[in-house]
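Inside the fold
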Amino acid sequence: MFERLFGNTLDEQLMYLQPRVLLTAPVIIIGFIAMAFGSSGSAVIAIAAYVWAWTFLKNWFGITTLGALFSGNVVIGVILVLAYLIIGYFMGLITFLLGLIRYIQLKLVNTR
């Protein structure tokens, strides 16, 4: 499963995961802390989730730009964009958690 998501070899996975985990983990933690104090931390978390989700959404749904969703009917395009954003948010959080677990696992293997 991890090979399909993050790369074929352990080195490719580590090269893919390291910049993303190191950039988005603090942002997501700060977002959750901000949400605990009543601030709008969910917007920060959503942006960090899309860092993880964009590649997978593009590959799985075949939509490379959001403009492609509006090529037909504008109303249907708006509905598709909202669905795309909601799916992207949840897929990004799931992929972030999987990536974080895999990154920790790879770091533990490399330290032995």
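In the block above lies the structure referred to throughout.
Residues numbered from 1 in each chain as written. Predicted model: local features only at pLDDT ≥ 70, side-chain atom pairs only at ≥ 80, totals over all residues. Heavy atoms only, no water.

Turning next to the overall build of the chain. For the chain, the helix and strand inventory stands at four helices and zero strands. Secondary structure elements of the chain occur, N-terminal to C-terminal, as α-α-α-α. Its C-alpha atoms give the chain principal-axis dimensions of roughly 55 × 40 × 15 Å. Of all 112 residues assigned to the chain, the portion counted as buried reaches 31%. (Helix = DSSP H or I, 4+ residues; strand = E, 2+ residues; numbered from the N terminus. Buried < 20%, exposed > 50% of the residue type's maximum accessible area, 1.4 Å probe, protein only.)

As a further point, take the environment of L17. Here L17 shows up in helix α2 (residues 10-36). Given the relative accessible area of 0%, L17 is considered buried. On a C-alpha basis, the gap between L17 and L80 in space is 29 Å, while along the polypeptide they are 63 residues apart.

Considering all chains together, one arrives at four aromatic pairs under this definition. Aromatic side chains F6 and W52 sit 6.5 Å apart centroid to centroid with 85° between the ring planes, which places their arrangement in the edge-to-face category. Separated by 46 residues along the polypeptide, F6 in helix α1 (residues 2-6) and W52 in helix α3 (residues 41-61) bring together distant segments of the chain. We classify W52 as buried; its relative accessible area is 0%. When the ring of W52 is compared with that of F96, the centres are 5.8 Å apart and the planes differ by 70°; the resulting orientation is edge-to-face. Pair noted here: W52 is in helix α3 and F96 is in helix α4 (residues 74-111), with a separation of 44 residues, a long-range link. One exposure class covers both W52 and F96, and it is buried. The side chain of R20 reaches across the aromatic face of Y16, ending 3.9 Å from its centre. (Phe/Tyr/Trp six-rings, centres within 6.5 Å; stacked < 30°, edge-to-face > 60°. Lys NZ or Arg CZ within 6 Å of the ring centre and 35° of its normal.)

The terminal C-alpha atoms of α4, which comprises 38 residues, lie 53 Å apart, in line with the 56 Å expected from a rise of 1.5 Å per residue. Buried within α4 we find G77, V81, Y84, G88, G92, T95, F96, G99, R102, Y103 and L106. (Expected span 1.5 Å × (residues − 1).)

Before going further, it helps to spend a moment on the environment of F37. Within the secondary structure layout, F37 lies in the loop between α2 and α3. Taking the relative accessible area as the measure of exposure, F37 reaches 71% and is therefore exposed. Between the C-alpha atom of F37 and that of R20, which follows or precedes it by 17 residues, the distance is 26 Å.

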